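What follows is each chain in one-letter form.
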Amino acid sequence: MRLLHTSDWHLGRAFHRVNMLGAQAEFIAHLVTTVRERAVDAVVVSGDVYDRAVPPLAAVELFDDALHRLADLGVPTVMISGNHDSARRLGVGAGLIGRAGIHLRTEPSAAGTPVVLPDAHGDVAFYGLPYLEPALVKDEFGVEKPGHEAVLAAAMDRVRADLAARAPGTRSVVLAHAFVTGGEPSDSERDITVGGVAAVPAGVFDGVDYVALGHLHGCQTLTDRIRYSGSPLPYSFSEAAHRKSMWLVDLAADGSIDAERVDCPVPRPLARIRGALEDLLADPELARHEDAWVEATLTDPVRPADPMARLSERFPHTLSLLFDPDRDREETEVSYARRLAGRSDQQIAEDFVTHVRGAGPDAREQGVLRDAFDAVRADETVREVAR
């Protein structure tokens, strides 16, 4: 059986200030084309279909279009909810939608009830484990101390118990949305830490043929049988080095795995550049990034004037501007309390300007600050007399 493993669509999400809906629609078209041209037998979507619990209408319409196009292909799809999704909203109409071959698994109680799809070698049981928020599902799984490992282990016990009762040779696929030990996170995943622990060991998933993971946005192989597909699009500059893709997985009659990465469309490359503003504007080596989405970190000791406008002249798709000035290390390590000790409000304000801009206020700016503090003190005096 040939599977196409994808996850973390995050429909409705923007990349900084860029609306990604067009790129998401292009990905859906690519997904449908891949299913048709690569003779895919089943699609698995491992959570975070939407970017938030109440998605914008345009995202819902795109999801509806994706469901119709997948159903029209006649290729079964198994889909779970992630930590960004509202499980109840995503699962509305699941029974009816299931008749069209789109199987939504959003209820923790159904973890041990698979979607069973046959091929020439027998049955393949697909178990959908939606994102399991420990505090909300501990009673369902009889867990005393809620934690990710405990609830996932209890859910997998149900999976193994159901699988053991099936005909010998039944192959198994688990969809799960979790942070599994060994995975590399990026800046764009929402923190799911509970009790100081977010990750669960890969051994939780022992006993099944393939584990299709979602949550982490980088495509990763933890073991031959446990993989993240990653998000099909970048959602933070920490993903600049990612190769966005899906897994095309051939599940053999004996349960062995052969997997191939299928690249996703790239709407625009990402680039992270760093240096003094004048160097970034002049460096010929950076010409290759002029059409990229850019995150620029400026190291000028004094914040330059109009940096975003000047960068955008060369890099018109600059989306993020950071400052990390090259200054004396001893200066940066002086404590906040020591910098304030014995200083007037005026001096503290001037120090703040220096810290933010890299240079202190000039005479005119000092006058503005002085007038502001005088006005505040006068107002306080008036208020005190009026009491």
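Scroll up to find the structure this text is about.
Residues numbered from 1 in each chain as written. Predicted model: local features only at pLDDT ≥ 70, side-chain atom pairs only at ≥ 80, totals over all residues. Heavy atoms only, no water.

### With respect to the sheet that holds strand 15 (residues 245-251)
Inference 1: The mixed open sheet is built from 6 strands, whose spatial order is 6-5-4-1-15-16. In the strand order of this sheet, the two ends are held by strand 6 (102-105) and strand 16 (257-263), each with one partner. If you compare each strand with its neighbour and ignore which way they point, the axes differ by 20 degrees on average.
Inference 2: Bridging between strand 5 (residues 77-80) and strand 6 involves 4 bridges; their strand directions are parallel. Each bridged residue has a counterpart across the sheet, and for Val-78 the counterpart in strand 6 is His-103. (Pairing = 2+ DSSP bridges. Helix = DSSP H or I, 4+ residues; strand = E, 2+ residues; numbered from the N terminus. Axes fitted to C-alpha atoms, helices over the stretch in contact; angles between N-to-C directions.)

### As for the pattern of salt bridges
Inference 1: In the structure shown here, the tally under the stated rule is 19 salt bridges.
Inference 2: With its nearest N and O atoms 2.6 Å apart, the salt bridge here joins Arg-243 to Asp-263. Highlighted residues: Arg-243 in the loop between strand 14 (226-228) and strand 15 and Asp-263 in strand 16, separated in sequence by 20 residues.
Inference 3: The salt bridge involving Glu-295 is made with Arg-272; its shortest N-O contact spans 2.8 Å. Note that Glu-295 is positioned in strand 18 (residues 293-298) and Arg-272 in strand 17 (residues 270-275), a separation of 23 residues in sequence. (Salt bridge = Lys/Arg side-chain N within 4 Å of Asp/Glu carboxyl O.)

### Describing the state of the cysteines
Inference 1: Within the structure shown, the criterion is met by 0 disulfides.
Inference 2: Between Cys-264, a cysteine without a disulfide, and Cys-219, which holds the nearest cysteine sulfur, the sulfur-to-sulfur distance is 8.9 Å.
Inference 3: Classification of Cys-264 by relative accessible area gives buried; the value is 6%. (Disulfide = S-S within 2.5 Å. Buried < 20%, exposed > 50% of the residue type's maximum accessible area, 1.4 Å probe, protein only.)

### As for the pairing of strand 17
Inference 1: Here 6 bridges tie strand 17 to strand 18, and the two strands are oriented parallel to one another. Paired with Leu-270 across the strands is Trp-293, a residue of strand 18.
Inference 2: Following the backbone out of strand 17, through helix 7 (residues 277-282) and into the adjacent parallel strand 18, one traces a crossover that is right-handed. (Right-handed = clockwise from strand over helix to strand, strands pointing away.)

### Comments concerning the packing of aromatic side chains
Inference 1: Following the criterion strictly, the structure yields 4 aromatic pairs and no others.
Inference 2: With centroids separated by 5.3 Å and ring planes inclined at 40 degrees, the aromatic side chains of Phe-15 and Trp-293 adopt a geometry described as tilted. Of this pair, Phe-15 sits in strand 2 (residues 14-15) while Trp-293 sits in strand 18; the two residues are 278 residues apart in sequence, bridging distant segments of the chain. Trp-293 carries the same exposure label as Phe-15, and that label is buried.
Inference 3: An angle of 65 degrees between the planes, with centres 5.3 Å apart, marks the rings of Tyr-50 and Phe-63 as edge-to-face. A residue pair is termed long-range when its members are at least 10 positions apart, and Tyr-50 in the loop between strand 4 (42-46) and helix 2 (57-73) and Phe-63 in helix 2 qualify at 13 residues.
Inference 4: Given the relative accessible area of 8%, Tyr-50 is considered buried.
Inference 5: Here the aromatic residues Phe-15, Phe-237 and Trp-293 are joined through ring pairs into a cluster of three or more.
Inference 6: The lysine or arginine in question, Arg-227, covers the ring of Trp-247, its NZ or CZ lying 4.5 Å from the ring centre.
Inference 7: When the ring centre of Phe-323 is taken as reference, the NZ or CZ atom of Arg-303 above it lies at 3.7 Å. (Phe/Tyr/Trp six-rings, centres within 6.5 Å; stacked < 30°, edge-to-face > 60°. Lys NZ or Arg CZ within 6 Å of the ring centre and 35° of its normal.)

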